[in-house]
Amino acid sequence: MRDLVVVDQLVVAASIGVFDWEKKILQSVMISLELEHDCERAGQTDDLADALDYAAVCHSVQQVANRAHFELLESLAACIIDHLFNAYPALQGVRIRIDKPGAVPAARSVAIILYRSRRPE
């Protein structure tokens, strides 16, 4: 199976960074997700109950990002992946990209990309 539900550049205000000043503010990060989920039944029934509710996924990602201060993008990404696997048992894999615009003055953005799967690759 390689059906994907994609969320592209969800803007989230997060407390993130290693510097003291970053711990006192919220910064915008952009979160993109590729969620490996079997879409066959939803395609047949045209029923949200058989689909992955991407609005609910986006809301839960925002909740995780607002839960605590994160020093690293990697830590935020790992927490989001763990949450998604726990909240959505039918998910088979998650690819997450988190961009932090302005983190390096000479770059438009820096980003990390993680991929995790329920099954061995």
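As shown above, the structure is provided for reference.
Bear in mind that the values here come from a model prediction, so they are computed numbers and not experimental data.

1. Examining the overall build of the protein
Consideration 1: Secondary structure summary: the protein contains three helices and four strands in total.
Consideration 2: Ordered by position from the N terminus, the helices and strands of the protein form the series β-β-α-α-α-β-β.
Consideration 3: With respect to the three principal axes, the spread of C-alpha positions in the protein is 50 × 25 × 25 Å.
Consideration 4: When burial is assessed residue by residue, the protein has 36% of its 121 residues classed as buried.
Consideration 5: Sequence-distant contacts in the protein: of pairs separated by 6 or more residues, those separated by 24 or more amount to 58%.
Consideration 6: Counting only carbon and sulfur atoms, one obtains 53% of the accessible surface of the protein, whose full area is about 7,200 Å².
Consideration 7: Of the charged side chains in the protein, 12 are positive and 17 negative; the average position of the first set lies 7 Å away from that of the second.

2. Some details on helix α2 (residues 54-65)
Consideration 1: In this model, α2 (twelve residues) spans 16 Å end to end at C-alpha, consistent with the 16 Å of a helix rising 1.5 Å per residue.
Consideration 2: Of the positions making up α2, those classed as buried are Val57, Cys58, Ser60, Val61, Val64 and Ala65. The buried residues of α2 occupy an angular sector of 165 degrees when the element is viewed end-on, so they sit on one face.
Consideration 3: If you follow the buried residues of α2, they end up packed against β1 (4-14), β2 (27-36) and α3 (73-87).

3. Let's talk about the sheet that holds β1
Consideration 1: Pairing is antiparallel across the open sheet formed by four strands, whose spatial order is β1-β2-β3-β4. Looking at the sheet topology across the chains shown, the edges are occupied by β1 and β4 (109-117). Averaged over all adjacent pairs, the angle separating strand axes in this sheet is 15 degrees, with direction ignored.
Consideration 2: Here β2 pairs with strand β3 (residues 93-101) via seven bridges, running antiparallel. Bridge pairing in β3 places Ser32 opposite Arg97.

4. Some thoughts on the pattern of salt bridges
Pairs can form between side chains of opposite charge whenever their charged atoms are close.
Consideration 1: A complete count under the given rule lists six salt bridges for this structure.
Consideration 2: Here Glu34 makes a salt bridge to Arg95, at a shortest N to O gap of 3.7 Å. Here Arg95 lies in strand β3 and Glu34 lies in strand β2, a separation of 61 residues in the sequence.
Consideration 3: According to the relative accessible area criterion, Arg95 is partly exposed, its value standing at 31%.
Consideration 4: Measuring nitrogen to oxygen at the nearest pair gives 3.4 Å for the salt bridge that ties Asp50 to Arg41.

5. Brief notes about a nonpolar patch on the surface
Consideration 1: Taken together, the side chains of Val18, Phe19, Trp21, Ile25 and Leu72 define a hydrophobic patch exposed on the protein surface, amounting to about 500 Å² of accessible area.
Consideration 2: Counting through the fold element by element, Ile25 comes out in the loop between β1 and β2.
Consideration 3: When its relative accessible area of 35% is taken as the criterion, Ile25 is described as partly exposed.

6. Observations concerning the side chain of Glu36
Consideration 1: For Glu36, the location among the structural elements is in strand β2.
Consideration 2: Of note is the side chain of Glu36, whose polar atom sits 3.3 Å from the side chain of Arg2.
Consideration 3: Side-chain polar atoms of Glu36 contact the side chain of Tyr115, separated by 3.1 Å.

Parameters and conventions
- Residues numbered from 1 in each chain as written.
- Predicted model: local features only at pLDDT ≥ 70, side-chain atom pairs only at ≥ 80, totals over all residues.
- Heavy atoms only, no water.
- Helix = DSSP H or I, 4+ residues; strand = E, 2+ residues; numbered from the N terminus.
- Buried < 20%, exposed > 50% of the residue type's maximum accessible area, 1.4 Å probe, protein only.
- Contact = heavy atoms within 4.5 Å.
- Areas by Shrake-Rupley, 256 points an atom, 1.4 Å probe, with all protein chains shown as cover.
- Lys, Arg positive; Asp, Glu negative; His and termini not counted.
- Charge placed at Lys NZ, Arg CZ, Asp CG, Glu CD.
- Expected span 1.5 Å × (residues − 1).
- Arc of directions from axis to C-beta.
- Pairing = 2+ DSSP bridges.
- Axes fitted to C-alpha atoms, helices over the stretch in contact; angles between N-to-C directions.
- Salt bridge = Lys/Arg side-chain N within 4 Å of Asp/Glu carboxyl O.
- Patch = residues over 30% accessible without salt bridge, like charges linked within 9 Å, V, L, I, M, F, W, Y side chains within 5 Å.
- Polar contact = N/O pair within 3.5 Å; in protein donor to acceptor, adjacent residues only side chain to side chain.

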